[in-house]
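Summary of structural features
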Amino acid sequence: MTRPFFITAAVAATFLLGACSKEEPVAEPPTAPDVADVTPELDPMTGLIMAEDWEIVRAACTPCHSAKLVTQQRGTAEQWLTMIRWMQAKQNLWQFDPITEGRIIAYLATNYPPDAARRRAAIPPALMPPNPYAPTE
Ligand code: HEC
């Protein structure tokens, strides 16, 4: 005696569904990069961040003073350029050719940018407590 068709179909369906619902490996959620991955490597001699063109900056910016003067400073490209112009005007810093100067500025502004973490954004007025000095009507 042959099995009724519906049983055969049900068994086949069970196998098919079983195959489809096979557990896919769940992708791991992305994790924050290791601290070691984001900590820039520092030159042990000067403390300069060893990013692109750092040797140019070491050559240009350490003959007269410690690199600490550089690494403790922060600024935009414009601010760094202003410091360089000031040293050229007042401290006998020599002229750089434009390409070298561009690289120095890019290195400084990229690796020693204005430190956003030191300043917080202003509190939006809606979140401020009531002003006790506000004129009353
Ligand atoms: C020719 C010598 C000389 C060279 C080269 C030189 N500096 Fe200076 N720099 C000085 C002098 C002098 C001072 C003042 C030091 C002081 O005030 O004690 C100074 C001060 C600084 C300061 C501190 C400014 C401040 O407001 O306190 C920074 C930052 C600085 N230099 C960055 C640089 C950078 C970046 C370079 C490379 C592009 C560089 N220096 C190359 C002579 C030089």
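So, here's what we can say about the structure. (Residues numbered from 1 in each chain as written. Predicted model: local features only at pLDDT ≥ 70, side-chain atom pairs only at ≥ 80, totals over all residues.)

Concerning the overall build of the chain
As a reminder, the rule being used: To qualify as a helix, a DSSP run of H or I must reach at least 4 residues; to qualify as a strand, a run of E must reach at least 2; elements of each kind are numbered from the N terminus. Partly exposed residues are those whose C-beta has more than 12 but fewer than 20 other C-beta atoms within 10 Å; with 20 or more the residue is buried, with 12 or fewer it is exposed, and the C-beta atoms are placed from the backbone. Note on contacts: residues are paired as contacts if their backbone-placed C-beta atoms lie within 7 Å.
From N to C terminus, the chain includes six helices and zero strands. Residues counted as buried form 7% of the 137 residues belonging to the chain. Across the chain, contacts joining residues at least 24 apart in sequence account for 58% of those joining residues at least 6 apart.

Re the environment of arginine 103
Residue position: arginine 103 is located in helix α6 (residues 98-111). Considered as a pair, arginine 103 and tryptophan 54 are 49 residues apart in the sequence and their alpha carbons are 9.2 Å apart. Sequence-distant contacts of arginine 103, that is, excluding residues within four places in its chain, are made with Asp53 and Ile56.

A look at the site of the ligand
Under the convention used in this document: Any residue whose C-beta atom, as set from the backbone, lies within 6 Å of a molecule or strand is reported as near that molecule or strand. Ten residue types, Ala, Val, Leu, Ile, Met, Phe, Trp, Tyr, Cys and Pro, are classed as nonpolar, four, Asp, Glu, Lys and Arg, as charged, and the remainder, Gly among them, as polar.
Residues in close proximity to the ligand total 16 residues, the closest being Cys61, Cys64, Gln73, Gln91 and Leu93. Elements with a minimum of two residues in the shell around the ligand: α3 (54-61), α4 (68-71), α5 (77-90) and α6. Tallied by class, residues from the shell around the ligand come to twelve nonpolar, four polar and no charged.

Notes on the packing of α5 against α6
Our working definition: Each axis is a line fitted through C-alpha atoms, and for a helix only the stretch in contact is used; angles between axes span 0 to 180 degrees, taken between their N-to-C directions. Throughout this description, any angle smaller than 35 degrees is read as roughly parallel, any larger than 145 degrees as roughly antiparallel, any in the 65 to 115 degree range as roughly perpendicular, and the remainder as oblique. Less than a right angle of anticlockwise turn of the near helix away from the far helix marks a crossing as left-handed, whereas a clockwise turn marks it as right-handed.
At a closest axis distance of 9 Å, the pairing of α5 and α6 adopts a crossing angle of 125°. Between α5 and α6, the angle falls in the class oblique. Pair α5 / α6 crosses with right-handed handedness. Touching Ala77, Trp80 and Leu81 of α5 are Ile105, Leu108 and Ala109, all from α6. Tallied by class, residues from the contact of α5 with α6 come to six nonpolar, no polar and no charged.

Focus: unusual backbone geometry
Backbone geometry at aspartate 53 places phi at a positive 70°, although glycine is not the residue there. Along the chain, the position of aspartate 53 falls in the loop between α2 (35-38) and α3. According to the C-beta neighbour criterion, aspartate 53 is partly exposed, with 17 such atoms within 10 Å. Backbone geometry places asparagine 92, a non-glycine residue, at a positive phi of 60°. By secondary structure assignment, the location of asparagine 92 is in the loop between α5 and α6. For asparagine 92, a count of 8 C-beta atoms within 10 Å puts it in the exposed group.

Here's the deal with the packing of α3 against α6
Two elements in contact, α3 and α6, have axes whose closest approach is 9 Å; the angle formed by their N-to-C orientations is 105°. When the interaxial angle is binned, α3 and α6 end up roughly perpendicular. Along the contact surface, α3 presents Trp54, Ile56, Val57 and Ala60, while α6 presents Thr100, Arg103, Ile104, Tyr107 and Leu108. By residue class, the composition of the contact of α3 with α6 is seven nonpolar, one polar and one charged.

Overview of α6
Applied cut-off: A helix is expected to span 1.5 Å multiplied by its residue count minus one. Directions drawn from the helix axis to the C-beta atoms are what define this arc.
In a regular helix each residue adds 1.5 Å, so 14 residues correspond to 20 Å; α6 covers 20 Å between its end C-alpha atoms and thus fits that length. Where α6 is concerned, the buried positions are Ile104, Ile105, Tyr107 and Leu108. For α6, the angular spread of the buried residues around the axis is 160°, confining them to a single face. Opposite the buried face of α6, by more than 90 degrees, sit the exposed residues Pro98 and Ile99. In the core, the buried residues of α6 are packed alongside α3 and α5.

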